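# A structural walkthrough
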Amino acid sequence: MEAWEEEGLPTEKTDRVEVKSEDQLMALVEDDDDVVILDVRTESEYASNHVTGALNLPLSFLMQTRHDLNKTKRYVTYCRSGYRSSIAASVLRNIGLDSTDVYGGFAAISVYAPQCTVTGEVCPTMRKTVEELEKRAEKIAA
C-alpha cells in the first residue's frame, strides 16, 4: 500500500464498523429495510455458519453480479476476518453503492455476537482470529 501511495495513485478508505456486541450488530440493521448484510465468503463457509438473514455473494462472483444489486440499498459486508469484505465494500463503493464492512469479519461477529449467527456458537478458531486481529490493531495504534 505504501508503494501505491508513494506513486501518487488514488486511495480511498472504506467505511468500517466494529462489532463487539449483539447490540452493535443489530444497530446496523435494526428498523432499516434498506440494509443488506452481505456475506462474501465462499458457499461452503456460508453453509457452515453465517449471520442470520445474510445474503451469500462470494467475492469471486461479485464482479459478475454487481449490476444485479439494488442501488437503493446499503450493503454491510463481512467475510472471515475482514480482508475480502473490505475489497467487496470498495468494489461496491466504486460502482456507486453505499457499503461498509465489518472489521474482524465473521470471526468478530461470532465471538462478540454469536446469538446473531445461525448456530449461535463461538468457534475456537474464530476466537483465535479475533485475538490476532486485536494484537495487530494494537501494534498499529502504538
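I will try to describe carefully the structure that is included in this document. (Residues numbered from 1 in each chain as written. Predicted model: local features only at pLDDT ≥ 70, side-chain atom pairs only at ≥ 80, totals over all residues. Heavy atoms only, no water.)

## Concerning the nonpolar core
This is how it is decided: What is meant by a nonpolar core is a set of buried Ala, Val, Leu, Ile, Met, Phe, Trp, Tyr and Cys residues, joined one to another through side-chain atoms within 4.5 Å. Each residue is placed in one exposure class: buried if its accessible area under a 1.4 Å probe, protein chains only, is under 20% of its type's maximum, exposed if it is over 50%, and partly exposed if it falls in between. By definition, any uninterrupted DSSP run of H or I lasting at least four residues is a helix, any uninterrupted run of E lasting at least two residues is a strand, and each is numbered from the N terminus. Should any heavy atoms of two residues lie within 4.5 Å, those residues are considered in contact.
Of all hydrophobic cores here, the largest spans 21 residues; its most connected members are Val19, Leu25, Val51, Tyr78, Val102 and Ile109. Among the elements of the structure, α2 (22-29), β2 (35-39), β4 (74-78), α6 (105-112) and α7 (124-141) are those that each provide at least two residues to this core. At five residues, α6 tops the list of elements feeding residues into this core. Sequence-distant contacts of Val51, that is, excluding residues within four places in its chain, are made with Leu25, Ile37, Tyr78, Phe106, Ile109, Cys116 and Thr117.

## Describing the sheet that holds β2
Rules: Two strands form a pair only when DSSP identifies at least two bridges running between them. All axes are obtained by fitting lines to C-alpha atoms, using only the stretch in contact for helices, and the reported angles, taken between N-to-C directions, cover 0 to 180 degrees.
One open sheet accounts for five strands, arranged β1-β5-β4-β2-β3; its pairing is parallel. This sheet does not close on itself; its edge strands, each paired only once, are β1 (16-18) and β3 (55-56). Summarising the sheet, β2 and β4 pair through five bridges and their orientation is parallel. Within β4, the position partnered with Val35 by the bridge is Arg74. Contacting β1, β2, β4 and β5 (98-103), helix α5 (residues 83-94) crosses the sheet at an angle of about 170° to β5. Sitting on the sheet, α6 is in contact with β4 and β5, with an inclination near 65° to β5.

## Description of the environment of Arg127
If you trace the backbone, Arg127 turns up in helix α7. Not counting residues up to four positions away in its chain, the partners in contact with Arg127 are Val111 and Val122.

## Topic: the environment of Gln24
Relative to the elements of secondary structure, Gln24 occurs in helix α2. Taking relative accessible area as the criterion, Gln24 reaches 34% and is therefore assigned partly exposed. Measuring from C-alpha to C-alpha, the distance between Gln24 and Ile109 comes to 9.8 Å, with 85 residues separating the pair along the chain. The residues touching Gln24, leaving out its near neighbours within four places in the chain, are Glu18 and Val19.

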